[in-house]
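Here are the chains, one letter per residue:
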Amino acid sequence: MHLPSALRAGLAKVFVYALLALFLIPALTYGFTVYAQRDQDANFVAGISQRIDAEKGMPPAEKQARKDYYRSNPPSTICSSTDPDAQDYREALCERYSDVWQFHMARAVSFWTLVASGVLLVAVLGLGALAFADRTLQYTSFVAGWRLTTWGSAAALVVQGAMAVWLSFWVTAFFFHKYSPKLIIVVGLAVAVGVFVAVAGIFKRVQSDNHAVGELVSEDDAPLLWKRIRHMAQRLKTEPPQNIVAGIDANFFVTEAPLTVGNHTLTGRTLFVSLPLLRILDQAEADAVFGHELAHLRGGDTQSSARLGPKLVQFDHYRHAIRSGGLSAVVSPVLDLYRTIFEIALARDSREREFKADRIAAKLISPAAIAQSLVKIAAYAQYRFKIEDELFGRNERHDTTTLGIARFVAQGLAPYAASSDFVDAMKTANVPHPFDSHPAMPERLRNVGMALKEQDYGAIAVRAPAATWVQEILTADAIEQRLWSDYEQQFAQDHERSLAYRYEPATDEERALVLRYFPPVVFALKGENTVEVSIDGIRTSADETTVFWDAIKALEFKESSFGNALVVTHPEKNALGLGAKTSKIKLSGLTKEKDQFNAVVGAYWQRHQIMRAQQQQPQEG
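Residues numbered from 1 in each chain as written. Predicted model: local features only at pLDDT ≥ 70, side-chain atom pairs only at ≥ 80, totals over all residues. Heavy atoms only, no water.

**So, the overall build of the protein**
Turning to step 1, where the next piece is worked out: Counting its secondary structure elements, the protein contains 20 helices and 14 strands.
Turning to step 2, where the next piece is worked out: Compactness check: the protein gives a C-alpha radius of gyration of 34 Å against a globular reference of 25 Å for 621 residues, more than 25% above the reference.
Turning to step 3, where the next piece is worked out: Its C-alpha atoms give the protein principal-axis dimensions of about 120 × 75 × 45 Å.
Turning to step 4, where the next piece is worked out: With 621 residues in all, the protein has 43% of them scored as buried.
Turning to step 5, where the next piece is worked out: Within the protein, contacts between residues at least 6 apart in sequence are counted, and of these 69% link residues at least 24 apart.
Turning to step 6, where the next piece is worked out: Separation of charge centres in the protein, based on 65 positive and 67 negative side chains, amounts to 5 Å. (Helix = DSSP H or I, 4+ residues; strand = E, 2+ residues; numbered from the N terminus. Rg over C-alpha atoms; globule rule 2.2 N^0.38 Å. Buried < 20%, exposed > 50% of the residue type's maximum accessible area, 1.4 Å probe, protein only. Contact = heavy atoms within 4.5 Å. Lys, Arg positive; Asp, Glu negative; His and termini not counted. Charge placed at Lys NZ, Arg CZ, Asp CG, Glu CD.)

Right under this line is the structure:
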């Protein structure tokens, strides 16, 4: 499989980070112990040699023999020695928790940790390779890799955390002859939190919930459609879907995973059909799409996805917990490496499944039908995305009663298909799907032996169907009306909220909209003083001054026994011109609400930054 250069670079970056996560701390520990033991050995041998030389009455030959013995058996080797003659020597130096014992144990643990890390890396790469080599073993490979990497990373965190705590004492003690209790405590607490996050994440169970926006289509509502689906399933020698869901998303899909639709959770095989797409596909073209989806059922693709999907969700949640768990983030590259390798394997497999399903659909119906359906679906999806992106980018509020996204798409698709932009967009277009990554449309056309000319795309995209399956769904119009109404209402609401981030505001109407989402928030301070956070800035009643957002470059909340404060870094230089100007907003008495205060300040500061960035975009363009 050919990997794009960006993906190769990303994989190489993750691999390097994984190497650092597995080997850096053990290698540093091993290197430090080797260096320190050499120094300890030299000091010990020099000291013992002086004492031996000071012994009166001892023959020179015996003195030399003793010095040679200690040079051959320095403290760094004696703890692992099994020589019975060295028992007294060993007991004197290798008492548990003594300096010599600690360095001996640190060296041994770091060495075997490096070995174990190497084994873990080889196992991760091997399991990743297995996912490429045999599709039937992907589930087994991922579960094994999931368990191995989660427990391996947790164990690495425990062992490497212990090394980090040990180093936090001995590095300063060895080189500077002093140590910092504060440093040891900070490192120890960070390790404890990280270990807790890693271990707790292993046992946490995450619910995998697949949603689809649509409504069930019963057999009474579409008897001919159900009959057609069952007939095609019979020809493909596979069980037909138990459920058909109609929606307005620009895709078709099948799944065997539990699917939540409204207040119902569907089990078994479910086919999702797009009503807007069924309106532009003739029955043969739609049959080709149905054949493609049924081919996924026959090939076990949906069954495999249903088994693997929840495991992937669980693993990804664990990765997120590790990344956000403080020191636990140092082992996340190991998890990322395996997930990246496995994702590449899944993408390759998905690509092959799509090509195979297309060929089955072409054989079942016709190559022309599947090719034309791909062009129509890609054209509709591209143009609908373009329209929605344009509508969302407008700086005026939308009226849900007149929004009419479906109408915009229907009216504008033909002019768009005749434009020069259309052909360029279709060269890289793919057919959207919620569960799999699909190859680009031109590749899929070549796969079924249809070498359509680029100039023919537009005519195919706007070709009106003689008969559609929508006409055979009695509830289609009502379902579409309800779904579009809900969709446009949510679209308008999301757009309005985005305007609250975009507006400065410049008018009373804009200000009213922004204040709907970002009203002034007042927090009580010591005495009767207050601090108010608003879209204008941060105002304190004590001095009746406002620090405007434009006068802020950075913010830092400082806690103190003398009273909390918000340190403001301003854009301009200080009076000496040697650094940024800073000031303090005193927050004495703000204790219980400090987290809420910081959250509000962060949200309003983020709004202001987004607004200013939005204003600069036209100038940059």
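Okay, back to it.
**Quick word on the sheet that holds strand β6 (residues 264-266)**
Turning to step 1, where the next piece is worked out: Taken in spatial order, the three strands make up an open sheet running β1-β5-β6, and their pairing is mixed. The open sheet has two edge strands, β1 (210-211) and β6, and neither has a second partner.
Turning to step 2, where the next piece is worked out: As defined by bridge partners, β1 adjoins strand β5 (residues 259-261) across two bridges and the pair is classed as parallel. Pairing of asparagine 210 across the sheet is with leucine 259, part of β5. (Pairing = 2+ DSSP bridges.)

**Quick word on helix α10 (residues 283-298)**
Turning to step 1, where the next piece is worked out: Along its 16 residues, α10 runs 22 Å from first to last C-alpha, staying within 8% of the 22 Å computed at 1.5 Å per residue.
Turning to step 2, where the next piece is worked out: Among the 16 residues of α10, 13 are classified as buried, and the element is accordingly described as predominantly covered.
Turning to step 3, where the next piece is worked out: Between the side-chain oxygen of the N-cap and the backbone nitrogen of alanine 284 there are 3.1 Å, and the N-cap of α10 in question is aspartate 282.
Turning to step 4, where the next piece is worked out: Phi turns positive, to about 80°, at glycine 300, one or two residues after α10. (Expected span 1.5 Å × (residues − 1). Polar contact = N/O pair within 3.5 Å; in protein donor to acceptor, adjacent residues only side chain to side chain.)

**Re the packing of helix α8 (residues 223-235) against α10**
Turning to step 1, where the next piece is worked out: Where α8 meets α10, the closest approach of the two axes is 10 Å, and the angle between their N-to-C directions is 50°. As judged from the angle between their axes, α8 and α10 are oblique. Handedness of the α8/α10 crossing: right-handed. Residue-level inspection shows Leu225, Arg228, Ile229, Met232 and Ala233 of α8 in contact with α10, the latter providing Asp287, Phe290, Gly291 and Leu294.
Turning to step 2, where the next piece is worked out: When grouped by side-chain class, the residues that make up the contact of α8 with α10 number six nonpolar, one polar and two charged. (Axes fitted to C-alpha atoms, helices over the stretch in contact; angles between N-to-C directions. Parallel < 35°, antiparallel > 145°, perpendicular 65-115°, else oblique. Left-handed = near helix turned anticlockwise from the far one by under 90°. Nonpolar A, V, L, I, M, F, W, Y, C, P; charged D, E, K, R; others polar.)

**Brief notes about the side chain of threonine 468**
Turning to step 1, where the next piece is worked out: One can find threonine 468 in the loop between α17 (457-461) and α18 (476-502).
Turning to step 2, where the next piece is worked out: Polar side-chain contacts of threonine 468 include one of 3.4 Å to the backbone nitrogen of valine 470.
Turning to step 3, where the next piece is worked out: Aside from chain neighbours lying at most four places away, what touches threonine 468 is Leu278, Arg279, Leu281 and Gln283.

**Quick notes on the packing of aromatic side chains**
Turning to step 1, where the next piece is worked out: On inspection of all chains with the given rule, the structure shows 36 aromatic pairs.
Turning to step 2, where the next piece is worked out: When the centroid spacing of 5.2 Å and the interplanar angle of 80° are considered together, the rings of phenylalanine 111 and tryptophan 112 count as edge-to-face.
Turning to step 3, where the next piece is worked out: A residue is classified by how much of its surface remains accessible, and phenylalanine 111, at 38% relative accessible area, is partly exposed.
Turning to step 4, where the next piece is worked out: For tryptophan 112, a relative accessible area of 56% corresponds to the exposed category.
Turning to step 5, where the next piece is worked out: Judged by centre distance (6.3 Å) and plane angle (55°), the ring pair of phenylalanine 557 and phenylalanine 597 falls under tilted. Placement of the pair is phenylalanine 557 in strand β12 (residues 554-558) and phenylalanine 597 in helix α20 (residues 594-620), with a sequence separation of 40 residues. Pair check on accessibility: phenylalanine 557 and phenylalanine 597 agree, each one buried. (Phe/Tyr/Trp six-rings, centres within 6.5 Å; stacked < 30°, edge-to-face > 60°.)

**Here we look at the sheet that holds strand β4 (residues 253-255)**
Turning to step 1, where the next piece is worked out: Reading across from one edge, β2-β3-β7-β4 is the order of the four strands in this open sheet, with mixed pairing throughout. Single-partner strands in this sheet number two, and they are β2 (215-216) and β4.
Turning to step 2, where the next piece is worked out: One ladder, built from three bridges, connects β4 with strand β7 (residues 270-274); its direction is antiparallel. The residue of β7 that forms the bridge with threonine 255 is threonine 270.

**Regarding the confidence of the model for the protein**
Turning to step 1, where the next piece is worked out: For the protein, the mean per-residue pLDDT works out to 87, and 95% of the residues sit at or above 70.
Turning to step 2, where the next piece is worked out: Put simply, helix α7 (residues 181-203) is where the protein has its lowest mean pLDDT, 76, and strand β3 (residues 243-247) is where it has its highest, 97. (pLDDT = per-residue confidence, 0-100.)

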